[in-house]
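Fold and geometry: a report
What follows is the residue order along each chain.
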Amino acid sequence: MKKRKILISVSIALLLCCICCAGIIYYYLFSPQFHPKKTTYIYVDRDDTIDSIYNKVKEQGKPKNLTGFHWMIQYRKYTQNIHTGRYTIRPKESVYKVFSRLYRNHQEPMNLTIGSVRTMDRLARSIGKQLMIDSAEIAKAINSPVLQQKLGYNKETIPCLFIPDTYQVYWDISVENFIERMQKEHQKFWNQERLEKATQMGMTPIEVCTLASIVEEETNNNQEKPMVAGLYINRLHLDMPLQADPTIKFALQDFGLR
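Residues numbered from 1 in each chain as written. Predicted model: local features only at pLDDT ≥ 70, side-chain atom pairs only at ≥ 80, totals over all residues. Heavy atoms only, no water.

1. Topic: the overall build of the chain
Regarding its fold elements, the chain presents 12 helices and 4 strands. Relative to the globule expectation of 18 Å for 258 residues, the C-alpha radius of gyration of the chain, 29 Å, shows a markedly less compact shape. Each principal axis of the C-alpha distribution contributes one length, and for the chain these read about 115 × 35 × 30 Å. By the burial criterion, 34% of the 258 residues in the chain qualify as buried. For the chain, contacts bridging at least 24 residues in sequence account for 63% of all contacts bridging at least 6. Both charge centroids of the chain, one from 35 positive and one from 26 negative side chains, sit 18 Å from each other. (Helix = DSSP H or I, 4+ residues; strand = E, 2+ residues; numbered from the N terminus. Rg over C-alpha atoms; globule rule 2.2 N^0.38 Å. Buried < 20%, exposed > 50% of the residue type's maximum accessible area, 1.4 Å probe, protein only. Contact = heavy atoms within 4.5 Å. Lys, Arg positive; Asp, Glu negative; His and termini not counted. Charge placed at Lys NZ, Arg CZ, Asp CG, Glu CD.)

The following block contains the structure:
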């Protein structure tokens, strides 16, 4: 009888201990720990370390407690599995959910805006400000004669590869994948209908792109653009000089000329 009471007491103690441990694990790993005012993002770069990532999570996520984060770093050997990228932290998320996102490389896509830029250097700087890629990497790639020839362009026509628009990409996209994505978007844009319209005007896609860039520089008024484009197209058909100020600006690389 005495042994039975001891066994029952030990069992109850173990049960309470298990419940207590489960409660601790739940609190530190699965309960809501992050409390930013709204969905926020952390960016893990190539040179980030465990410490810098921890600080970014702490700063952006406004957590109550990151003890569970330390546990997961040790248990999952995160130092050997750091992935670059852009990751979300949402209000009332748990440590387990946020850490799993980082560990499994579950990134959040971002909107990349390709605007109407005047030179390839400016395009490279604009992209470099939005993505993890350094602007020098992009400039080197798009100014490479080997790559230009491979894609069917030269230094004068390579700007036509980049269709101004907003694209969803991953922040840590590589230069190679970025160029490949732009090529796919270019092919998607120049569908059969648009190719036929260009042919009817007696122009190639590259010629249409070049003319559009001149019109874009000529006027900011969208209502005027069809009229300006029509004027230039008529001059081209008559084999006349365009007499367009933007071509002089571009040739001299001085866009402040009036």
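Next comes the rest of the account.
2. Describing the nonpolar core
Among the nonpolar cores identified, the biggest contains 31 residues, and Ile114, Leu131, Phe162 and Phe178 are the most heavily contacted of them. Listing elements by their share of this core, those giving two or more residues are β3 (110–114), α5 (120–130), α6 (135–142), β4 (165–169) and α8 (175–189). If sequence neighbours within four positions are ignored, Phe162 has contacts with Ile114, Met120, Leu123, Ile142, Phe178, Ile179 and Met182. Grouped together as the second largest cluster of nonpolar side chains are 20 residues, Ile50, Phe69, Tyr87 and Leu102 included. (Core = buried A, V, L, I, M, F, W, Y, C linked by side-chain atoms within 4.5 Å.)

3. Quick look at the pairing of strand β2 (residues 85–89)
Extensive coverage of β2 is indicated by the burial of 5 of its 5 residues. Of the two faces of β2, both are covered, the one formed by Gly85, Tyr87 and Ile89 as well as the one formed by Arg86 and Thr88. As paired strands, strand β1 (residues 40–44) and β2 are joined by 5 bridges and run antiparallel to one another. Along β2, the bridge assignment pairs Ile42 with Tyr87. (Pairing = 2+ DSSP bridges.)

4. Here's the deal with the environment of Asn105
With respect to the element layout, Asn105 can be found in the loop between α4 (95–103) and β3. When the C-alpha positions of Asn105 and Thr39 are compared, they lie 18 Å apart, and in sequence the two are 66 residues distant. Contacts of Asn105, omitting those with residues within four sequence positions, involve His83, Thr84 and Tyr87. A polar contact of 2.8 Å, which involves the side chain of Asn105, links it to the side chain of Tyr87. (Polar contact = N/O pair within 3.5 Å; in protein donor to acceptor, adjacent residues only side chain to side chain.)

5. As for the packing of aromatic side chains
Per the counting criterion, the structure on display carries 10 aromatic pairs. With a centroid separation of 5.2 Å and 70° between ring planes, the pair formed by Tyr28 and Trp71 is classed as edge-to-face. Highlighted residues: Tyr28 in helix α1 (residues 2–30) and Trp71 in helix α3 (residues 67–75), separated in sequence by 43 residues. The class of Trp71 is partly exposed, set by a relative accessible area of 37%. Geometrically, the ring pair formed by Phe189 and Trp190 is edge-to-face, given 5.5 Å between the ring centres and 85° between the ring planes. Classification of Phe189 by relative accessible area gives partly exposed; the value is 28%. Relative accessible area serves as the criterion here: at 13%, Trp190 is assigned to the buried category. Joined through ring pairs, the aromatic side chains of Tyr54, Phe69, Tyr78, Phe99 and Tyr103 make up one cluster. The positively charged end of Arg86 is found above the aromatic ring belonging to Tyr41, 3.8 Å away from the centroid. We note Arg194 situated over the ring of Phe189; from NZ or CZ to the ring centre the distance is 4.0 Å. (Phe/Tyr/Trp six-rings, centres within 6.5 Å; stacked < 30°, edge-to-face > 60°. Lys NZ or Arg CZ within 6 Å of the ring centre and 35° of its normal.)

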